[in-house]
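What the coordinates show
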Amino acid sequence: TYLDRGIISTYLADIQDDYNLSGLQAGTLAGAYMVGYVAASPVFAHYGSSYHPMTLIAAGLLVWSLAVVGTGISAEYGTILIARTFTGVGEASFACLAPPLIDLKAPADKKSLWMAIFYINIPVGYAMGYLLAGQWESSHAVHGTVIWRIPFIFVGVVLIPFVAYVFSKRSDGSLHYQKKRKLSNADSVTSSADLKEYDESLLNGEKEDEGERVMESDTYLADPLSPESHRGEIKAMRTSSAHKSQGKTFKQKLKVVLNNRIYVLIVLGYAAQTFVVGGFAYWGIEYVEGALHLDESTATLSFGGLTVLTGVLGTASGGILLDYLRKRAMRPGTDPSLEISIATEKAMMVLAVCSVLSLPCVVIGIGTNTPAGFFPMTGIGQFLIFMCLTPINSTIVWITPYQVAPLALAISVLCNHMLGDAISPILIGEVLDSTNRDWRTTFVLVAFWLLWPILCWVPAWYFARKDLRKAESANRI
């Protein structure tokens, strides 16, 4: 679902010319998917455990495919804006539902690596979009307005067989969330041990809130793999009381997620980092052409190649490093109940260090305003930023109970977009319009936004270390 982002960034100038768009309107196309995401993510997150996740993912991807084709056949600004809006539905299905499934299926000692492989596809998708569109344009196979439309139509149609394959897995019971497992998300909910127990019992209907039972024991999800659930097929609640209880369930899930201070700091830092990455990904090709004075073909290949290289190496390195640090910290005889606390502390350490090092690299790379300075320094900065992807999303899955993991991921991506890459292209476009395309000043200002992840993740590391020491002390009693 990120391939089309690279395509639209490559053809942004062509789309602007065809539809006579201002910088603000062009930037709005980048954030339009946010509307679709906001509408779809609560649905996918809430029903991700009630219905088979693969069914919901297939539905989201089908909407995405049709929306991408719609982008290619759009007739004017209004129709392309609507098409871009519906692409957010596909991202919502994957962002909410896929990571918990990956964590469920991955071996205990390779969870971060498996998650890294999944998140590698974000930069690879962007970069492949750049490269696909760039090579298509340089082939001169067609000319005129149709040149930017064909890649969208091609990508949307090609994905249809994959949608059918995903839908065929809807009866696979092993691809459903489990209520109990060895590295159980239910074992670690928040930084407080007392709140952790309270949240988990609350989600299972064992406590009451302000004199009312928050949910009935049979209203939330039974174990989807139990015989009572008929191999993971959970029947929808049909009575009005059940529907009321489900409403409370959603509110309680939200409460559990937002009570976790480490989660909140992770998400805020991630959103700030995405503000920079998303804005630069969208305007990057034009930046390289306008500020560094490279031709379109060279700009596409160099910028796309840098994104692929740093994205793959950075995301994989983050996952491998986190697995290594986790295993190194788990000495022989370490209580398994401490595993999530240890993993969280190590993940926060990686985030804190990478955020501190990435800021000067990106600022210096943009500030030099030359290809010789830009590509090496921003490449290092991008590598460090992509190293954060796996620790961020792995930790979100680890520190939330299985019932709320899809919602936690949905909120994370929602904040990511609302405070990050949904608004940064729009704001950058407005600044470019007001500064007469002053690329260097605009992007140096954007780069300094990387200060916010530092201010979020360094305290999060402190809290994680504090929680680990508390857990170790409690374990010795």
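Residue positions are given per chain, counting from 1 as you read along its sequence in written order. For a predicted model such as this one, the threshold for reporting local features is a pLDDT of at least 70, and the threshold for listing and counting side-chain atom pairs is 80 or more; totals across whole chains, interfaces and linings nevertheless cover every residue. Calculation of side-chain values draws on the structure's entire complement of heavy atoms; hydrogens and water are dropped beforehand.

1. Points about the overall build of the protein
We count it as follows: Secondary structure elements follow DSSP: runs of H or I of four or more residues count as helices, runs of E of two or more count as strands, with numbering from the N terminus. Relative accessible area decides the class of each residue, using a 1.4 Å probe on protein chains only: under 20% of the type maximum gives buried, over 50% gives exposed, and in between gives partly exposed. Contacts were defined at the residue level, with two residues in contact if any of their heavy atoms lie within 4.5 Å. Computed with a 1.4 Å probe, the accessible areas rest on the Shrake-Rupley method; for each residue, only the protein chains presented here act as cover.
Regarding its fold elements, the protein presents 20 helices and two strands. In the protein, buried positions account for 56% of the 477 residues. In the protein, of all internal contacts separated by at least 6 residues, the share reaching a separation of at least 24 is 81%. Taken as a whole, the protein presents about 19,600 Å² of accessible surface, with 65% of it coming from carbon and sulfur.

2. Side note on the nonpolar core
What counts here: Side-chain atoms within 4.5 Å are what join buried Ala, Val, Leu, Ile, Met, Phe, Trp, Tyr and Cys residues into a set we call a nonpolar core.
Counting 118 residues, the largest nonpolar core has Trp283 and Tyr287 as its most contacted members. Counting residues per element, this core draws most heavily on helix 12 (residues 261–292), at 17 residues. Ignoring anything within four residues of it in the chain, the contact list for tryptophan 283 reads Leu12, Gly23, Ala26, Gly27, Pro425, Ile428, Gly429, Leu432, Arg437, Trp439 and Phe443.

3. Re the environment of isoleucine 262
Turning to its location among the elements, isoleucine 262 is positioned in helix 12. Overall, isoleucine 262 belongs to the buried group, its relative accessible area being 4%. For the pair isoleucine 262 and isoleucine 396, spaced 134 residues apart in sequence, the C-alpha separation works out to 9.1 Å. Isoleucine 262 has contacts with Thr344, Met348, Ile399, Ala460, Phe463, Ala464 and Asp467, leaving out every residue within four places of it along the chain.

4. Describing helix 2 (residues 12–19)
Where we set the bar: Comment: arc refers to directions from the helix axis out to C-beta atoms.
Restricting attention to buried positions, one finds in helix 2 the residues Leu12, Ile15, Gln16 and Tyr19. Seen along its axis, helix 2 keeps its buried residues to an arc of 100 degrees; they face one direction. Buried positions along helix 2 lie against helix 1 (3–10), helix 3 (23–31), helix 6 (77–105), helix 8 (146–158) and helix 12. Following helix 2 by one or two positions, asparagine 20 has its phi on the positive side, about 55 degrees.

5. Some points on the pattern of salt bridges
Defined as follows: Put simply, a salt bridge is a Lys or Arg side-chain nitrogen that is within 4 Å of an Asp or Glu carboxyl oxygen.
A complete count under the given rule lists eleven salt bridges for this structure. Among the ionic pairs, aspartate 4 bridges to arginine 84, the shortest N-O distance being 2.5 Å. Highlighted residues: aspartate 4 in helix 1 and arginine 84 in helix 6, separated in sequence by 80 residues. Given a relative accessible area of 1%, aspartate 4 falls into the buried group.

6. Some points on empty space enclosed by the protein
Taking a probe equal in size to a water molecule and rolling it over the atoms shows the remaining empty space. Using the following cut-off: Buried and open spaces are told apart on a 1 Å grid over the protein atoms alone, a cavity being a set of points where a 1.4 Å probe fits but cannot get out and a pocket being an open set with protein on both sides within 12 Å along at least five of seven lines. Residues with an atom within 4 Å of a point are the lining residues. Grid points are joined across faces, edges and corners, and a volume is the space filled by probe spheres set on the points. Note that Gly is not counted as nonpolar here; it falls among the polar residues with everything else outside the nonpolar set of Ala, Val, Leu, Ile, Met, Phe, Trp, Tyr, Cys and Pro and the charged set of Asp, Glu, Lys and Arg.
Throughout the structure, instances matching the rule amount to three cavities of 30 Å³ or more. Arg5, Ala30, Tyr33, Tyr126 and Tyr282 are, among the 13 residues lining the largest cavity, the residues nearest its centre. Every element with two or more residues in the lining of the largest cavity is listed here: helix 1, helix 3 and helix 12. Taken together, the residues of the lining of the largest cavity sort by class into eight nonpolar, two polar and three charged.

7. Comments concerning the confidence of the model for the protein
Put simply, the rule reads: Each residue carries a pLDDT value, the predictor's own confidence for that position, ranging from 0 to 100.
Taken residue by residue, the protein gives an average pLDDT of 80. The fraction at 70 or more is 83%. Ignoring residues within four places in sequence, the model shows residues 178–202, a span with pLDDT below 50, making 65 contacts including any to other chains. Per-residue pLDDT stays below 50 along residues 204–248; that stretch engages in 75 contacts with residues further than four places along the chain or on separate chains.

8. Structural notes on the packing of aromatic side chains
Selection criterion: The aromatic pairing rule takes the rings of Phe, Tyr and Trp, using the six-membered ring of Trp, and pairs them if the centres are within 6.5 Å, calling planes under 30 degrees apart stacked, those over 60 edge-to-face and the rest tilted.
Counting across every chain of the model gives 18 aromatic pairs. Ring plane angle 40 degrees and centroid distance 5.3 Å describe the contact between phenylalanine 275 and tryptophan 449, whose orientation is recorded as tilted. With phenylalanine 275 in helix 12 and tryptophan 449 in the loop between helix 19 (439–447) and helix 20 (451–476), this pair connects stretches of sequence that are 174 residues apart. Residue classification places phenylalanine 275 among the buried positions, given a relative accessible area of 10%. When the centroid spacing of 5.3 Å and the interplanar angle of 45 degrees are considered together, the rings of tyrosine 287 and phenylalanine 374 count as tilted. On the criterion of sequence distance, the pair formed by tyrosine 287 in helix 12 and phenylalanine 374 in helix 15 (residues 371–386) is long-range, its members being 87 residues apart. Exposure remark for phenylalanine 374: the relative accessible area of 0% places this residue in the buried category.

9. Re helix 5 (residues 53–72)
Three- or four-residue spacings in an α-helix give side chains the same orientation, since the helix completes a turn every 3.6 residues. Let me state the cut-off plainly: Helices are assigned an expected span. That span is 1.5 Å times one less than the residue count.
For helix 5, with 20 residues, the first-to-last C-alpha span of 29 Å sits near the 28 Å given by 1.5 Å per residue. Within helix 5, 14 of the 20 residues are buried, which leaves it mostly tucked inside the rest of the structure.

10. Some points on a nonpolar patch on the surface
The cut-off we apply is this: What goes into a patch is any residue over 30% in relative accessible area without a salt bridge, connected to like charges within 9 Å or, for nonpolar side chains (Val, Leu, Ile, Met, Phe, Trp, Tyr), within 5 Å.
Taken together, the side chains of Leu132, Val146, Ile150, Phe154 and Val158 define a hydrophobic patch exposed on the protein surface, amounting to about 380 Å² of accessible area. No other element matches helix 8, which puts four residues into the nonpolar patch. In this fold, valine 146 is placed in helix 8.

11. Description of the side chain of arginine 84
Threshold: As used in this structure description, the phrase polar contact means that two N or O atoms lie within 3.5 Å; if the pair is within protein, one of them must be able to donate a hydrogen and the other to accept it, and residues adjacent in sequence are counted only when both atoms belong to side chains.
Classification of arginine 84 as buried rests on a relative accessible area of 3%. Among the polar contacts made by the side chain of arginine 84, one reaches the side chain of aspartate 4 at a distance of 2.5 Å. Setting aside chain neighbours within four positions, we find arginine 84 in contact with Asp4, Ile8, Leu29, Ala32, Tyr33, Thr71 and Phe152.

12. A closer look at the packing of helix 1 against helix 8
Short version of the rule: The angle between two axes is taken between their N-to-C directions and runs from 0 to 180 degrees, where each axis is a line fitted to C-alpha atoms and a helix contributes only its stretch in contact. Each angle is binned into one of four classes, with values under 35 degrees roughly parallel, values over 145 roughly antiparallel, values of 65 to 115 roughly perpendicular, and all other values oblique.
At a closest axis distance of 10 Å, the pairing of helix 1 and helix 8 adopts a crossing angle of 175 degrees. By the angle between their directions, the pair helix 1 and helix 8 is classed as roughly antiparallel. Mapping the contact onto sequence places Leu3, Asp4, Ile7 and Ile8 in helix 1 and Pro151, Phe152 and Val155 in helix 8. The residue inventory of the contact of helix 1 with helix 8, partitioned by class, reads six nonpolar, no polar and one charged.

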